[in-house]
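# Notes for the structure review
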Amino acid sequence: MSPPVTPKIAFGGDYNPEQWPDHVWDQDYRLFDAARFDTVTLGVFDWALIQPALDVYDFTLLDRIVERAAAEGRAICLATGTGAHPAWLARAYPEVTRTDFEGRRHRFGQRHNSCPSSPVFRRLSAELARRMARRYGGHPAVIAWHIGNEYGGACYCELCAAGFRQWLRERYGSLEALNAAWYTTFWAHTFGDWDEIEPPSALTEHWRGPDHTAFQGITLDYRRFMSDAMLANFRDEKAAIRETCPDVPVTTNFMGLYQPIDYHRWAPHLDFASWDNYPPDDTARVRMALAHDLMRGLKDGQPFWVMEQTPSTTASRDVNPLKRPGVMRLWSWQAVAHGADAVLFFQLRASRGACEKYHGAVIGHAGRGDTRVFREVAQLGAEFARLGGTVLGARTPARVALLFDWDSWWAVEMTDGLSRLVRYQQVVQAYYTALWDAGVDVDVVPVTAGLDGYDVVVAPLLHMVKGDLAQRLEEVAARGGSVVTTFLSGRVDEDDNAFLTDVPGPLGPLTGVRVDEWDARGPDFVNPVRLRDTGPDSGSQIEPEIEPEIEVESRLFFEIVIPAGAETVGTYTADFYAGTPAVTRNAFGAGHGWYVAAGLDQRGVSWVVRRVLDHHGIELRYPDVQDLETAVRVTPAGDRILFLLNHRNEAIEVTAERDGVELFTKSRVRAGEPVKIEACGVLLVQEDM
Ligand code: GLA
Ligand code: ZN
């Protein structure tokens, strides 16, 4: 099923009229008109309201809320309301609350607080979704279902322990297989009965928190299980909705680069992806772009929704900086540029009490429409209205894929003996930054994705190599593509057991290297690396020229590589391994396998990535214009829309590369002529066909 059908980019957000008397609703809808909000997300935390007691369901207020929204012409994204359970439920059935990593059974409080394995929670959450669907599923205003809210965290209770054992039976079939996968001969862990297996927690396998475990295999499986247990909750509700409501697309709001949940395991069960974009501060533009691309990659490049973003500030951080003038607009367009077909806020009106009363809102406590924030929101609403349906359903024409893998993320960060300073997200982001700076479109995809359409596949920290992945990467190179991978790749199989071969394991033939040993150092230790390419296309095909030879820094992790067919492109210059390869390129079939053996600085990573892009003649868009982000979407009708996003506080002028029409002003853009993008500005250019 495809994403909700809307006439334009959906605009609006989380709205909680249940917190307010009717005259406030009147005021809200007048302001929603002014902001051109067309979509409201309703009922995200309404469980206690709708079901005040076990046998009582009362839809009186929600009926009025839904009717009012519909009468006001709004489309509704309707939540099932199960993101927080009611107090009576926790009192009547203490098992619905979670047990934490330290083994403490929680009592009623907070939200996102239900044990995913609790039969009572599963039954009652599905029942709530079922009744919601029966009542509102046929309502023409309801265009999407929002199940639960920001699934996450973990539970370590007895019910989860039992669920884990069942999950393990299904995964392994026998204790022999499980013992082999977990390598339990080590430290006398051989299990002779399924009931001997405990969830890995502070009371069992862990010390110093969730990333320090004696058995990576057990902890990895628990994370996979928890991810699946919460997914089962989502699926319970979805199935209950589908009993009476077959056609309305279903989603849940993800959180981008959120470590605890493997969104790739979830993606097939969502009809469309959506996520909540709350960057920590205003330096997060590349990270946001990466997260958007990751979310778009969940459903094969299909457009996604930004379910939540703040119009101004967050509330949950120690310091909650304000989005400066123009930034909310810029970041909203950035989302659209990367494939969003909806831009929604949390929250439309500020709550009066509790922990989010100072969270940014379109309408503040005084109910004014003449604030800066409101004016900027309304201006954006007018722009979306003017753009109409132009970009809806448009796809990103990427020739580059970046592989992202939760298993590798989990494994590399919970493993002793490497370096706790090497962080998966940072390495991934360095490679993504190189692509972002170069101005190329990137699909961020799971390791199971089809790779046929890509010229370049970048796989940073591909620690775990699962299934037929090595073979599929070889196919990319064999047909002339380039694969780039890095240190700490090709180390373990799906069970997190080391390959009994030279490193990088199954990536050896493709990369043409053997890693003999490795060194990890503190953050201040630098081994300079000399990068020099004398290969067949060392004279670059595309502008700008790549420096033929540079010296960069490498830090944190240094693999000592013995070429086994690969040519050396970068060389360490210090320590006992000075003069040995730090970056290699291996001819494989008609293409190449690159291996970056050290933690290169950004300049080094970018140099490698530029060489690879250059080899494939991939067009770079304004690669050396700092702070200018570009993205392309191709509409279902085949129109190419170029987004130019200026993240700088002053205007940027560039030379247009193609003829087209600027969509806000309808003015002509001519190749070779200057184009000016105002400070924090955005231009959309529909390129001539
Ligand atoms: C999340 C939640 C919302 C709200 C916001 C605040 O995204 O889904 O309910 O708490 O954070 O930033
Ligand atoms: Zn539990």
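Right above here is the structure, for reference.
### Points about the overall build of the chain
Regarding its fold elements, the chain presents 17 helices and 27 strands. For the chain, whose C-alpha radius of gyration is 26 Å, the value lies close to the compact-globule estimate of 26 Å for 689 residues. Taking the principal axes of the C-alpha coordinates as reference, the chain spans close to 75 × 75 × 40 Å. Each of the 689 residues in the chain was classed as buried or not, and the buried ones make up 61%. Restricting to contacts in the chain with at least 6 residues of sequence separation, those with at least 24 account for 74%.

### What to know about the coordination of the zinc ion (ligand 2)
The zinc ion (ligand 2) binds to the protein through Cys115 (SG), Cys155 (SG), Cys157 (SG) and Cys160 (SG), with metal-donor distances spanning 2.2 to 2.3 Å. In this structure, the zinc ion (ligand 2) is coordinated by four donor atoms arranged in tetrahedral fashion, with angles at the metal of 101 to 117°. In the primary structure, the donors to the zinc ion (ligand 2) are separated according to the pattern C-x39-C-x1-C-x2-C. Overall, the relative accessible area of 0% leaves Cys155 in the buried class. Taking the relative accessible area as the measure of exposure, Cys157 reaches 3% and is therefore buried.

### Digging into the pattern of salt bridges
This model, assessed by the stated rule, comprises 52 salt bridges. Of the charged contacts, one joins Asp38 and Lys8 as a salt bridge, the two residues approaching to 2.4 Å between their closest N and O atoms. Of the two residues, Asp38 is situated in the loop between helix H1 (22-35) and strand E2 (39-42) and Lys8 in the segment before strand E1 (10-15); the sequence distance between them amounts to 30 residues. The pair Asp38 / Lys8 is uniform in exposure class, with both members buried. Among the salt bridges present, the one from Arg74 reaches Asp33, with a minimum N-O distance of 2.9 Å. Here Asp33 lies in helix H1 and Arg74 lies in the loop between helix H3 (60-71) and strand E3 (75-79), a separation of 41 residues in the sequence.

### Observations concerning the sheet that holds strand E25 (residues 668-669)
Taken together, five strands build an open sheet; the order of strands is E21-E22-E27-E24-E25 and the sheet is antiparallel. One side of each edge strand has no neighbouring strand; the edge strands of this open sheet are strand E21 (628-634) and E25. Across six bridges, the pairing between strand E22 (residues 640-646) and strand E27 (residues 682-687) is antiparallel. Note on E27: the bridge partner recorded for Leu644 is Leu683.

### Description of the packing of aromatic side chains
Under the criterion given, the structure shown has 41 aromatic pairs. A centroid spacing of 3.8 Å and a plane angle of 20° characterise the contact between Phe254 and Tyr263, whose relative ring orientation is stacked. Look at Phe254 and you get buried, because its relative accessible area is 2%. Among the residues examined, Tyr263 registers a relative accessible area of 1% and is labelled buried. One aromatic cluster is present, formed by Tyr151, Phe234, Phe254, Tyr258, Tyr263, Trp266, Phe404, Trp406, Trp409 and Tyr424 through successive ring pairs. Positioned over the ring face of Phe525 is Arg521, at 4.6 Å from the centre of the ring.

### Considerations on the site of ligand 1
In the vicinity of ligand 1, the contacting residues are Phe45, Arg111, Asn149, Glu150, Asn253, Asp276, Tyr278, Glu308, Phe346, Glu356 and His359. In this structure, an oxygen atom belonging to ligand 1 sits 2.7 Å away from a side-chain N or O atom of His359. Burial of ligand 1 by the protein amounts to 94% of the accessible area it has alone, namely 300 Å². Split by residue class, the shell around ligand 1 holds three nonpolar, three polar and five charged.

### Some words on the nonpolar core
For soluble globular proteins, the rule of thumb is that nonpolar side chains tend to be buried together. Among the nonpolar cores identified, the biggest contains 191 residues, and Trp182, Trp333 and Tyr431 are the most heavily contacted of them. Sequence-distant contacts of Trp333, that is, excluding residues within four places in its chain, are made with Ile9, Leu380, Glu383, Phe384, Leu387, Phe643, Leu645, Phe664, Val682 and Leu684. Judged by nonpolar contacts, the second largest core, of 20 residues, contains Leu451, Val465, Ala470 and Val483.

### Here we look at the packing of helix H6 (residues 158-172) against helix H8 (residues 216-242)
The geometry of H6 relative to H8 is characterised by a closest axis approach of 10 Å and an angle of 105° between their N-to-C directions. In this view, H6 runs roughly perpendicular relative to H8, as classed from their interaxial angle. Where H6 approaches H8, its residues Cys160, Gly163, Phe164, Trp167, Leu168, Arg171 and Tyr172 are matched on the opposing element by Ile218, Asp221, Tyr222, Arg224, Phe225, Met226 and Asp228. Class assignment of the residues belonging to the contact of H6 with H8 gives a composition of nine nonpolar, one polar and four charged.

### Some points on the sheet that holds strand E9 (residues 340-345)
The strands that make up a sheet pair up through hydrogen bonds in the backbone, lying either parallel or antiparallel. Read from one edge to the other, the open sheet built from nine strands follows the order E5-E4-E3-E2-E1-E9-E8-E7-E6, with strand pairing classed as parallel. Unpaired on one side and paired on the other, strand E5 (250-251) and strand E6 (253-254) mark the two borders of the sheet. With two bridges connecting them, E6 and strand E7 (residues 274-277) associate as parallel partners. Bridging from a neighbouring strand, Asn253 pairs with Ser274 of E7. With respect to the sheet, helix H11 (residues 327-337) is in contact with strand E8 (304-309) and E9, its orientation differing from that of E9 by roughly 145°.

### Description of the side chain of Ser332
The residue Ser332 is located in helix H11 in this model. With a relative accessible area of 0%, Ser332 lands in the buried category. Residue contacts for Ser332: discarding those within four places in its chain leaves Gln309, Val343 and Leu380.

### Considerations on helix H14 (residues 424-438)
Across its 15 residues, H14 extends 22 Å between first and last C-alpha, which sits within 8% of the 21 Å expected from 1.5 Å per residue. By the criterion of burial, H14 is predominantly enclosed, with 11 of the 15 residues buried. After H14 finishes, the residue Gly439 shows a positive phi value of roughly 75°.

### Quick notes on the packing of H11 against helix H12 (residues 372-387)
It is the contact of H11 with H12, at a shortest axis distance of 10 Å, that shows an interaxial angle of 30°. For the pair H11 and H12, the crossing hand works out as right-handed. Where H11 approaches H12, its residues Met328, Arg329, Ser332, Trp333 and Val336 are matched on the opposing element by Glu376, Val377, Gln379, Leu380, Glu383, Phe384 and Leu387. Residues that form the contact of H11 with H12 fall into these classes: seven nonpolar, two polar and three charged.

### A few points about the environment of Val5
Relative to the helices and strands, Val5 is located in the segment before E1. You can call Val5 exposed: its relative accessible area is 75%.

### Here's the deal with unusual backbone geometry
The omega angle of the peptide bond from Phe346 to Gln347 is 10°, so this bond is cis rather than trans. Omega for the bond connecting Val503 with Pro504 falls within 30 degrees of zero, at 5°, which places this linkage in the cis form. Inspection of the secondary structure assignment puts Pro504 in the loop between strand E13 (482-486) and helix H16 (508-511). Residue Leu556 is not a glycine yet carries a positive backbone phi of 70°.

Reading guide: rules and limits
- Residues numbered from 1 in each chain as written.
- Chains lettered and ligands numbered in written order.
- Predicted model: local features only at pLDDT ≥ 70, side-chain atom pairs only at ≥ 80, totals over all residues.
- Heavy atoms only, no water.
- Helix = DSSP H or I, 4+ residues; strand = E, 2+ residues; numbered from the N terminus.
- Rg over C-alpha atoms; globule rule 2.2 N^0.38 Å.
- Buried < 20%, exposed > 50% of the residue type's maximum accessible area, 1.4 Å probe, protein only.
- Contact = heavy atoms within 4.5 Å.
- Donors = N, O, S within 2.8 Å, 3.2 Å for Na, K, Ca; no water.
- Tetrahedral: all angles 85-135°; square planar, octahedral: opposite > 155°, others 65-115°.
- Salt bridge = Lys/Arg side-chain N within 4 Å of Asp/Glu carboxyl O.
- Pairing = 2+ DSSP bridges.
- Phe/Tyr/Trp six-rings, centres within 6.5 Å; stacked < 30°, edge-to-face > 60°.
- Lys NZ or Arg CZ within 6 Å of the ring centre and 35° of its normal.
- Near = heavy atom within 4 Å.
- Polar contact = N/O pair within 3.5 Å; in protein donor to acceptor, adjacent residues only side chain to side chain.
- Areas by Shrake-Rupley, 256 points an atom, 1.4 Å probe, with all protein chains shown as cover.
- Nonpolar A, V, L, I, M, F, W, Y, C, P; charged D, E, K, R; others polar.
- Core = buried A, V, L, I, M, F, W, Y, C linked by side-chain atoms within 4.5 Å.
- Axes fitted to C-alpha atoms, helices over the stretch in contact; angles between N-to-C directions.
- Parallel < 35°, antiparallel > 145°, perpendicular 65-115°, else oblique.
- Expected span 1.5 Å × (residues − 1).
- Left-handed = near helix turned anticlockwise from the far one by under 90°.

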